[in-house]
Amino acid sequence: MSSSLLWAVDVYGKVYSLSTTRGRWERDEDTLLELKRVTAGQRCSWGIGCDHHVYLNIDPGEVPIRYREETYENQRWNPVDGFTDVLLPTDRWAWSDLTGGTAQPLHSFLLPSNSWEWEGDWYVDQVCAGGDPVETGGWEYAVDFPANFSREKKWNSCVCRRRWIRDRIYKARGSWTKIPLDHPKQPPLPLSDVSCGGWEMSDQPGRYHFLWGVSQQGQVWFRSGILPQVPEGQCWEQVEAPREVAQISAGPGDLLWAVLWDGQLLVRTGICLDSPTGSSWVVVDSPPVNEGGTIHVAVGVSVVWAVTKDYKVWFRRGVNSHNPCGSGWISIGGEMMMMVDVGLNDQVWGVGEDRGLYFRKGVTPSEPSGRGWIPVSAQWGHSKEMVQPRSVAYGVHTECSLSSVFSVWVRKGSMRWWRDWKPYRWVDVGVALEQSTVNGKRDAIFFIYFTQYDEKKYLHVFISDVTVLVPVLKENSHHAFAVYTSDSTKQRWPLILAAQTEKDMADWLSLLAGCCCEARGIRGTPSRQALWSVTSKGDVMVHEPSPCLEAPAHTLPCDMMFWLQVPGHLRCVESNSLGVVWGIGYDGTAWVYSGSGSASCAFPVFVGDRCILHTQTDGRTVYIYENQRWNPVTGYTDKLLPTDRFPWSDDNGFTECTKSTTHPPSPQWSWVTEWAVDLAFSGGTDREGWQYAADFPVTFHGNKSLKDFVRRRRWVRKCKITLTAPWQEVPPIPLSDITVLPCLAQSSMEQVSVWGLSDKGDVLCRLGVTPQNPAGSSWLHVGTDQPFKSISIGGGHQVWAIARDRAVFYRGSVSARNPAGECWYHIPSPPKQSLRQLSVGRTSVYAVDENSNLWYRQGLTPSYPQGSAWELLSNNVTKVSVGPLDQVWVIADWVPGCPSELSVPGAVCHRLGVGPMQPKGQSWDYGIGGGWQHISVRGNSTEALRATPALTGSTPRSPLPARPVLTDTTPRSPP
């Protein structure tokens, strides 16, 4: 087992070492040695002596350090003497290096220092450059200098050479030896500090390190030429610094920090193997202290510690090779330190105010800040007593301070990041979540590290700025999720990452969601006032509203709303302010929310409440299309024209989808059937499932005619997902739509009206629904003369519905005592438009037509609840939800600022300025998206204090777009 040494220097310059294998302090054998500073690297240590010289100590090892000196003897042939050392004036030296440009006679080679000795005398290398033995005294021949040499002497060989070799060995291992001064170069002024590092930058065997120094005049110097065979290096090179430097610290990697005389800090950037001195300096502010600034800094692989003039210890967060400057200082409680140092594995040692030596307990890769300081206790020499020498600055004490109000916790991993500039592609990145706790308050930062054009870069997101974490379906990745912030929501471009496995994605989402909840103080189950939404992937999201969400003035912007994922998989969710929440899956199964999430769920974000979990299943149907074209020779065939769609494609024909390449939506899904021809395709089919048309993409029909030159048929396959979630199944009727009576927060009801539509279009009313029994007891069938496709109940038990033939109906005489009502009243649809979905609030009705236009029903009064006419409000709307305060929220296909590369529709938008005097509102606020398909605000009945005058609404946060994107068609009146 290899051992490591802790080096220490006392106030008298005496050098001591503490070995991990011997467990005791030992003084260096050279009793005359006196050092002022010492720095340790991998298998070597450097120090500054009291005589201002630099000293080196290389650890003893089994493999000796050898260096081979070489020189070449060169000769030319002449007719009188043959080959001789009398060369032409234009030739190389008689004794030279390989290139011939430098004269190197044998007597010019001297030992670089007393630490070396010759292993023997000079001898001729008997192996030629090609690796073959030479029988002619080591000579190689050529036509002229510097042609290619060979061992064979030819008739035209006019020059020859041979190589002389002498080895020297480093004999001073295990002892401190003086580094010779540079000649003829000017040596640096006396050094006041040295630091070695960089040995982890290379993964090659025999790593070498970098040595940095600071002169007494504040200049920065770099020792060049340090190699495994040349441990002393070659010469000192000055590195220009913007101001005078007092102290320097280099890490095992590419981190280099320095302390200026005024207490500020410098960070060297651009350090790499090709450029060991780096490229530039960056000034970093000192930790926030009253006066004095920083007096000492210590650097590790990915940590930076500092000591300020008041002897307080500070930790720099977010430091690594991609972000060498870090992101901020955090103060560490506990002992006061005069200096700190970072050793192997980022372990931390410190010298306290009492000159005692302390060790930072609990430092791990996941918790680099550790948990407290403990004193170092070790034997002195061969004595068994645990004592300290009086002259040693690193003392041993019996008291121990473990209390700390500070900690940093880090989790690292590898992912792929969808790069948000052209060319758009997946990039391998490193990620790290850094969470800090200071005086009980937690904060976290999420870092993404990547390399672009050999330059290390990083992105970072403050967890307190995250607004939603949601899984997404992304090209070439099944384990992707999006991280939204307020800024990325405005830009319509979230941070998209992909984990390696489904479990990794679930773990990271759980961890990040937990940090988000801690940062926002969210605990327990969703409140009764919560807003619910569903993504196009089926994930259920919830937002806890604040009173300012619907305030007339200073409204909370949509892009700052925090959405939290609730375990489950649904197509739509509806709720009210009494805590009744219903949902419908893609397979039509009805579900009612049963309470809370848990640690066994995919994303355990709710903690501390009662957990009522159930097994939830959902099913989807996947479709692909087989396309063929007719030709006179073979008839219908899959040999299509170059301008046609793919032989196997999706509905629009733009994407190739074959049976073998089409997979379930995510790895959580599994196939439950095989591929089969869909004979129930709308528009009709023949006996083999084919539909015919004159060309792509003309309307298809089921009967072939003489003008039909293309055909298609749809293949279908079902898949299923099973998960554990707080949703209880409500059997046995599959539903296509559901609605819950909205009410105010102070309302008390014995029965809550819940209406639904079966998958066949039957209208149903749920009986026995209460806040204590949200699932109810049974369904009551409400008679209709045709199937319906959308239904909504509003304030005062107003029930509105849309039939499948696009007719609109109002249900009369519905009340708490007569929950099913008495009869249906036909309501005219907007002119030349067909409605598909509607939502009823307290006093307003909104509807969406097949062309994604949003309509407002005018003239609604208690005496005439059917209203008088439809008014067009906006376009580009796919879903609308009206709450108990008549607040209006929609899902829009597109919003201003959405990049054309993000072809995912579905953004949450809020209607601003809605009030009694302005029931249609004034403008739109654009929120999270895309990828959202449903929202319900029918549980939010929190009324905010209204400002005077009542028309004081928020100014539109975005100008109306030039193209028709969620366009407001309401006539404007001058203010």
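Just so we're clear, the structure is a prediction, and the values are computed from it rather than from any experiment.

(A) Seen up close, the pattern of salt bridges. This model, assessed by the stated rule, comprises 25 salt bridges. With its nearest N and O atoms 3.9 Å apart, the salt bridge here joins Arg37 to Asp193. Separated by 156 residues along the polypeptide, Arg37 in strand E4 (residues 35-40) and Asp193 in strand E15 (residues 191-197) bring together distant segments of the chain. The salt bridge involving Arg168 is made with Glu69; its shortest N-O contact spans 3.0 Å. You can see Arg168 sitting in strand E13 (residues 159-170) and its partner Glu69 sitting in strand E7 (residues 66-78), a full 99 residues away along the chain.

(B) Region of the structure containing the packing of aromatic side chains. The tally for this structure, following the rule as stated, stands at 38 aromatic pairs. When the ring of Phe788 is compared with that of Phe809, the centres are 5.5 Å apart and the planes differ by 15 degrees; the resulting orientation is stacked. Residue Phe788 is found in strand E57 (residues 788-794), and its partner Phe809 is found in strand E59 (residues 808-812); the two are separated by 21 residues along the sequence. Taken together, the aromatic side chains of Trp800, Tyr810, Tyr825 and Trp870 make up a single cluster linked through ring pairs.

(C) Quick look at helix H2 (residues 502-520). Between its terminal C-alpha atoms H2 stretches 27 Å, which fits the 27 Å expected from 19 residues at 1.5 Å a residue. Among the residues of H2, Met505, Trp508, Leu509, Ser510, Leu512, Ala513, Cys515, Cys516 and Cys517 are the ones counted as buried. At the exit of H2 stands Gly521, carrying a positive phi of roughly 70 degrees.

(D) Highlighting the sheet that holds strand E55 (residues 763-767). Strand order in the open sheet formed by four strands is E53-E54-E55-E56, and the pairing between neighbours is antiparallel. On the outer flanks of this sheet lie strand E53 (735-740) and strand E56 (778-782), each paired with one strand and no other. Going from strand to strand, the sheet's axes swing by 30 degrees on average, the running direction of each strand aside. Looking at chain direction, E53 and strand E54 (residues 754-758) are connected through five bridges and run antiparallel. Across the sheet, residue Thr739 finds its bridge partner in E54, namely Trp755.

(E) Structural detail: the nonpolar core. The biggest cluster of nonpolar side chains holds 42 residues, and the ones touching the most others in it are Val429, Phe446, Ile463, Leu497, Trp532 and Trp727. Within the second largest apolar cluster, 24 residues are counted, among which are Trp563, Val908, Ile928 and Val937.

(F) Looking closely at the UniProt feature "domain: Peroxin/Ferlin" (unreviewed entry) in the protein. In this numbering, the UniProt entry assigns the feature "domain: Peroxin/Ferlin" (unreviewed entry) to residues 64-125, 138-171, 617-678 and 689-722. Taken end to end, residues 138-171 has its terminal C-alpha atoms 30 Å apart, with 0% of it in helix and 44% in strand. Secondary structure within residues 689-722 divides into 0% helix and 50% strand; the distance between the first and last C-alpha atoms comes to 31 Å.

Basis of the calculations
Residues numbered from 1 in each chain as written. Predicted model: local features only at pLDDT ≥ 70, side-chain atom pairs only at ≥ 80, totals over all residues. Heavy atoms only, no water. Salt bridge = Lys/Arg side-chain N within 4 Å of Asp/Glu carboxyl O. Helix = DSSP H or I, 4+ residues; strand = E, 2+ residues; numbered from the N terminus. Phe/Tyr/Trp six-rings, centres within 6.5 Å; stacked < 30°, edge-to-face > 60°. Expected span 1.5 Å × (residues − 1). Buried < 20%, exposed > 50% of the residue type's maximum accessible area, 1.4 Å probe, protein only. Pairing = 2+ DSSP bridges. Axes fitted to C-alpha atoms, helices over the stretch in contact; angles between N-to-C directions. Core = buried A, V, L, I, M, F, W, Y, C linked by side-chain atoms within 4.5 Å. UniProt positions renumbered as here; feature names shortened; annotations may be inferred.

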